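Tertiary structure, described
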Amino acid sequence: MGEKYIKSNLHTHSTFCDGKSTLEENVIAAIQKGIKVLGFTSHSMYPFHTESNMKPENFASYCEEIHRLQKKYEGQVSIRLGFEADFIPGITVPHHENYSEFKPDYLIGSVHFIFQRAGIFGVDNTPEIWAEGARKFYGGDMKALIGDYFALQKEMLDLGKFELLGHPDLVRKFNEKFPLFDENAGWYKDYLDDMAKAISKWGGATEINTGAISRKWLTKPYPSEYFLEKLHDAHVPVAITADAHAAENLDCAFEQARALAKKAGYTEIIYDIDRTGFKFCEL
C-alpha cells in the first residue's frame, strides 16, 4: 500500500492546445484546490497537428514554461511535463522516442479519431459528427464501428511506448444524451472484456477520467462501472484524472470517481508518474 490519499490530476490541458486556462492559471487553481501533483498533457500529434492539438513550433515554449512554473511553485505543488499523444496509424504513435527531445515525464496515449479509406471522423467532437460517421462509414452498424475503435486502441498498445491509456471507452461520450448503442449488449461487454485483457497484457495503467462530466455529456466517468470492474479483475492500475480543459475543473467529480474505484475493488490509485515510474496512494 502506498501513501495516504493524495489529491492529484495527471490529465490537464491549457491554452497551448484546446484548453481555456493558461498553464499558470491551472497551477494557481491546483494549489487552491489542494492538488499536490499536477500533470500537464497537451494534445499532441507531433510532428503534425490539427486544430485542437499543439502546434509543433510551440513545443519548446510549452516545455520552457512548465520548467519555469516547476521552479516558481516548488514546495507548493509538484508539476509534471507530459503530452496526450494521439494514435493515427501510419502517421503518429504515442512513443517516447517520438518525444525524446522534450524529455516528458510521461505520455498519455489516446485514440480520438477513426480512419477509413474514404475519410476520417472524430469520436468525441460532437454528437452530430459521431452519428454522421456511424451512418456514412458504417451504415449505422455500431458493433462494427466500436469494434474498429477498440482495435485501434489495441494496435496503439502494441506499437506505442507510453504510461497511461486515455479514456478507454471514449465511445460512450455522447451515448447518455444521444444513445446510438446499448451499453448492456453482450457484444459490447465482450469488447470490454477483451480490452481489459489487452490492457493488462500491455502492462501500463488507465485513467478514471471525469472530463465528460465537467463538459456535461456524462454523469459518470470513463470507464463505465462494468469496464472498471473488469480492469480491476485484470489487475490494471488506475489514476483519477480530470481531463481538465479549464482550471475550475481540475478536480471535477473526484469523490464520485473515488467511490466508483472502491466499488470496483480498488484500494489504491496512481497519484504521480515520472521517469521513475508510478507512485501509488490509498483511495
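See above for the structure.
I will try to describe carefully the structure that is included in this document. (Residues numbered from 1 in each chain as written. Predicted model: local features only at pLDDT ≥ 70, side-chain atom pairs only at ≥ 80, totals over all residues. Heavy atoms only, no water.)

Moving on, we get to the overall build of the protein chain. The helix and strand tally for the protein chain stands at 8 helices and 11 strands. Compactness check: the protein chain gives a C-alpha radius of gyration of 18 Å against a globular reference of 19 Å for 283 residues, within 12% of the reference. Per-residue burial over the protein chain gives 56% buried out of 283 residues. Partitioning the contacts of the protein chain with sequence separation of at least 6, the portion at a separation of at least 24 is 71%. Of the roughly 12,000 Å² that the protein chain leaves accessible, carbon and sulfur atoms contribute 50%. Side chains of the protein chain give 32 positive and 41 negative charges; the mean places of these two sets differ by 2 Å. (Helix = DSSP H or I, 4+ residues; strand = E, 2+ residues; numbered from the N terminus. Rg over C-alpha atoms; globule rule 2.2 N^0.38 Å. Buried < 20%, exposed > 50% of the residue type's maximum accessible area, 1.4 Å probe, protein only. Contact = heavy atoms within 4.5 Å. Areas by Shrake-Rupley, 256 points an atom, 1.4 Å probe, with all protein chains shown as cover. Lys, Arg positive; Asp, Glu negative; His and termini not counted. Charge placed at Lys NZ, Arg CZ, Asp CG, Glu CD.)

Let's shift gears to the pairing of strand 8 (residues 205–209). The element strand 8 is extensively covered by neighbouring structure, given that 5 of its 5 residues are classed as buried. Sheet analysis places strand 7 (residues 164–165) next to strand 8, joined by 2 bridges and oriented parallel. For leucine 165, the partnering residue across the bridge sits in strand 8 and is threonine 206. Read from strand 7 through helix 5 (residues 186–202) to strand 8, the crossover connection turns out right-handed. With 4 bridges connecting them, strand 8 and strand 9 (residues 238–241) associate as parallel partners. Paired with threonine 206 across the strands is valine 238, a residue of strand 9. (Pairing = 2+ DSSP bridges. Right-handed = clockwise from strand over helix to strand, strands pointing away.)

Formed by 88 residues in total, the largest nonpolar core has its most connected members in Tyr62, Phe83, Leu145, Val171 and Tyr266. Looking at this core, the element that brings in the most residues is helix 4 (residues 142–159), giving 8 residues. Excluding anything up to four places from it in sequence, valine 171 contacts Val123, Trp130, Ile146, Tyr149, Phe150, Phe181 and Tyr188. (Core = buried A, V, L, I, M, F, W, Y, C linked by side-chain atoms within 4.5 Å.)

On to the pattern of salt bridges. Where side chains of opposite charge bring their charged atoms close, a pairing between them can arise. Throughout the structure, instances matching the rule amount to 17 salt bridges. Where lysine 4 meets glutamate 282, a salt bridge forms, and the shortest distance between an N and an O atom there is 3.7 Å. With lysine 4 in the segment before strand 1 (8–12) and glutamate 282 in strand 11 (residues 277–282), this pair connects stretches of sequence that are 278 residues apart. On the basis of relative accessibility, which here comes to 62%, the residue lysine 4 falls in the exposed class. Connected through shared salt-bridge partners, Glu24, Glu65, Arg68 and Lys72 make up one network. (Salt bridge = Lys/Arg side-chain N within 4 Å of Asp/Glu carboxyl O.)

On their own, these measurements won't tell you what the molecule is for.
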